[in-house]
Every structure is written in structure tokens, then in C-alpha cells.
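# Structural overview for review
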Amino acid sequence: DPQQLEVATSGKRRLRRFIVIDEVVDELYGSKIREYFEENNVQHKILALPTTEETKSMDLVLNILQEVQNFSIDRRTEPIIAIGGGVCLDIVGLAASLYRRRTPYIRVPTTLLSYVDASVGAKNGVNFLQCKNKLGGYTPPVASFLDRSFIQSIPRRHISNGLGEILKMALMKHKGLFDLLKSHGKYLLDTKFQSNSGFDDHRDAALQTTRIAIETMLEELAPNLWEDDLDRLVDFGHLISPELEMRVLPSLMHGEAVNIDMAFMTYVAYVRGLITAEEKEQIIQCMRGLELPVWHSGCSWSLIKKALMERLKHSGGQPRMPLPTGLGIAEIFNDTSEETLERAYKLWVRD
């Protein structure tokens, strides 16, 4: 808005910003962020919080809103800024959507998972009654600022965790992305997704991988932002994983739980004859190459049945099961029998 820009740059009114930052990110980057706002003469409040699956609750949302109220913002011109991983972005998004019915907010993802997943789309939410994201809404941010340099300070396991969501999009929609992950997975882990022109063999695999992952995610989400259509390829890996993730907290990260779900569903696709034995092995070996778990003792047959019953409740009485039908192509299925699921489970556990 030219008028807002003029006010902001004319010095007539001092800029003000309310920032919520994950406390671990604050330890690493907090001083730089404060210096930035001070140098640009921005009045600011930085609220550092522990944002984990265990603290992802309405209590934390209300704590944020109390601080927002104390700071007092103009909801038209002073967006709340969220800096952190996916949990932080989810919590702050929900808080912003509730404050005065809708306050604009900006996402700044600092993990690979949030960079390719939470930064895209409109959803936000918190856990409730031991259920993942049971409370939430659809309020897109006014912007997402993507900066891969944040990823260089996160542990290797967190990068592997983000690769789980990238692999999801590769298996559902993009064989080229799958090939990139097979060929460059270890390099991406070793270099923490930082671009390095000195490695000609890898042709900036980090930029290619993240760009394709985000573009394919947007292709799926943009036409169906409010999930009016419940047939969603992006739900691959998300049928069993919510139940598993919450059951074994904090032993599995989100992308790890998603990958275990995807590994099982790969066996389901194989037992149904949708993919060959060679394709199944390629997928499982790619997962191992990305240092992702392909099985967990907590993923029992009874948990799988319970998770799929929950799925039926929230997806219009149909399982709407996304399954690969090859490498980089997929379809939604509603006719997978319990016998097929059990055969796939036994084969998966045996392997």
C-alpha cells in the first residue's frame, strides 16, 4: 500500500513489531534479530518461548495473546512475526487468527521441515486432549520469508526429519524430486542444505530440492486451501502418523513419524500390486539413505486399526488413502481391505 509505505518511510510514525521466537532459535540468533530492529529504529517486543509438541497448547496461545495485548498492536499495519520451527509457526498462526478476529502474521521458518511444509498453506493449530492439532483454523500468513541459512545450525536429525516431508511430495507427485533425493540425499545431509558452487556434481541440489518440494506442495494446496475436497495427496504419511506421534512423544519427530507411515503404506501399495518389488525396495532404500526410520515398535497392528478408524471419522466416512502407483505418481483409494492391510503389516514387520 503506497500510503502505508509513505508513512513507514517518512519517519512520521515509528514502526512497531511483536515477534514470537522459539527459545532455542533465540539463543542462536536473538542478538542478531534485536540488533536488526534497533538499527532500523523499530520499537519491538521479542517473546522467546519453548515451542515443542508437548507445549503446543491453548495455554501457550493465551500467554502469547496476553503479551500482544500488553504491547498493543495495530492489527492492520503491524503483523505479528513468528520465527521458529513448524510448532512455533502453528501456535503463532492460531494466536494471530484469534486476536481481534484476525491479525496478520508473518512466518519465518528455521527448520527444514517448516521451510518446506509449515511455511506453505493456511493451516494453524494446537494439540488438545492428546490429539494432534485438534484445535485450529485456516488463516494464511501475509508472507513467508524463506532463508536456508537458518538450517545450517540445526542438528542432522532435524534435517533428516524435514527430508521426510520432501520425500512425501516426491513419491506422490514428482519422480525427478525422488531421483534428486536418491542421488544427493547424503550430500544434502552433510552440507545442511547450504548452497555450494564448488561441488559441480551436485548442481545446487539444495535449491532444486527445496524449490520443487515447495512448488509441488503449492500445486496441491492452493486449489484446495480450505480442504473442501478431502481427497488430498498431501495426506500421504498422515493416516497413522498422528496417532503414532502423540502415543510415543517425544521419541519421534513429525517427519520421522510421517516416514514410518509412508513406509507401511509403501508395503500396502506393494501388496495391492500398485508398485513392483523393485520400486518398493527403491523407496525403502531411499528412506534409509535419508537416515529416516522405516519402522517403530510403537506402530502396532492395534494402533494402525485405531488410527484408520479415526481417519474415517474425519474424512467423510471414507479412508481416502493416498498410495503410490509408481515412483512419483499416486492415487487415492477407498477400497483397501483389512486383509490386505494385515498382510502388508506382517510383511513390513518381517522385513
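Model, not experiment: these values are computed from the prediction.

### Looking at the domain arrangement of the protein
Once the domains are mapped, the protein shows domain 1 (12-152) and domain 2 (155-224 + 232-350). Between the C-alpha centres of domain 1 and domain 2 the distance comes to 27 Å. Taken together, the contact between domain 1 and domain 2 spans 20 residues of the former and 28 residues of the latter. Note on domain 1 versus domain 2: buried area summed over both sides is about 2000 Å², and carbon and sulfur give 68% of it. Contact with domain 2 buries surface across domain 1, with Leu112, Leu113 and Arg148 losing the most and accounting together for 31% of the total. Scanning the region where domain 1 abuts domain 2 turns up 1 salt bridge.

### What to know about the nonpolar core
Judged by nonpolar contacts, the single largest core of 73 residues is most densely connected at Leu167 and Phe264. Looking at which element gives the most residues to this core, the answer is helix α10 (residues 254-271), with 11 residues. Those residues in contact with Leu167 that lie beyond four places of it in its chain are Phe178, Leu181, Asn259, Met262, Cys286, Met287 and Leu290. Membership of the second largest hydrophobic core comes to 25 residues, among which are Val20, Ile91, Tyr99 and Ala118.

### Regarding the packing of aromatic side chains
With the rule as written, the count across this model stands at 7 aromatic pairs. With 5.4 Å between their ring centres and 70° between their planes, Tyr36 and Phe37 make a pair best called edge-to-face. The exposed category is assigned to Tyr36, whose relative accessible area is 51%. Plain terms: the ring middles of Trp301 and Tyr345 are 5.7 Å apart, the flat faces sit at 40° to each other, and that makes the pair tilted. Pair noted here: Trp301 is in helix α12 (residues 301-314) and Tyr345 is in helix α13 (residues 338-350), with a separation of 44 residues, a long-range link. For the pair formed by Trp301 and Tyr345, the shared burial category is buried. Connected via pairs of aromatic rings, a cluster forms that spans Phe264, Trp301, Tyr345 and Trp348. The side chain of Arg16 reaches across the aromatic face of Phe71, ending 4.1 Å from its centre.

So, how was this worked out
Residues numbered from 1 in each chain as written. Predicted model: local features only at pLDDT ≥ 70, side-chain atom pairs only at ≥ 80, totals over all residues. Heavy atoms only, no water. Domains from an automatic or database assignment. Contact = heavy atoms within 4.5 Å. Buried area = accessible area lost by both parts, 1.4 Å probe. Salt bridge = Lys/Arg side-chain N within 4 Å of Asp/Glu carboxyl O. Core = buried A, V, L, I, M, F, W, Y, C linked by side-chain atoms within 4.5 Å. Buried < 20%, exposed > 50% of the residue type's maximum accessible area, 1.4 Å probe, protein only. Helix = DSSP H or I, 4+ residues; strand = E, 2+ residues; numbered from the N terminus. Phe/Tyr/Trp six-rings, centres within 6.5 Å; stacked < 30°, edge-to-face > 60°. Lys NZ or Arg CZ within 6 Å of the ring centre and 35° of its normal.

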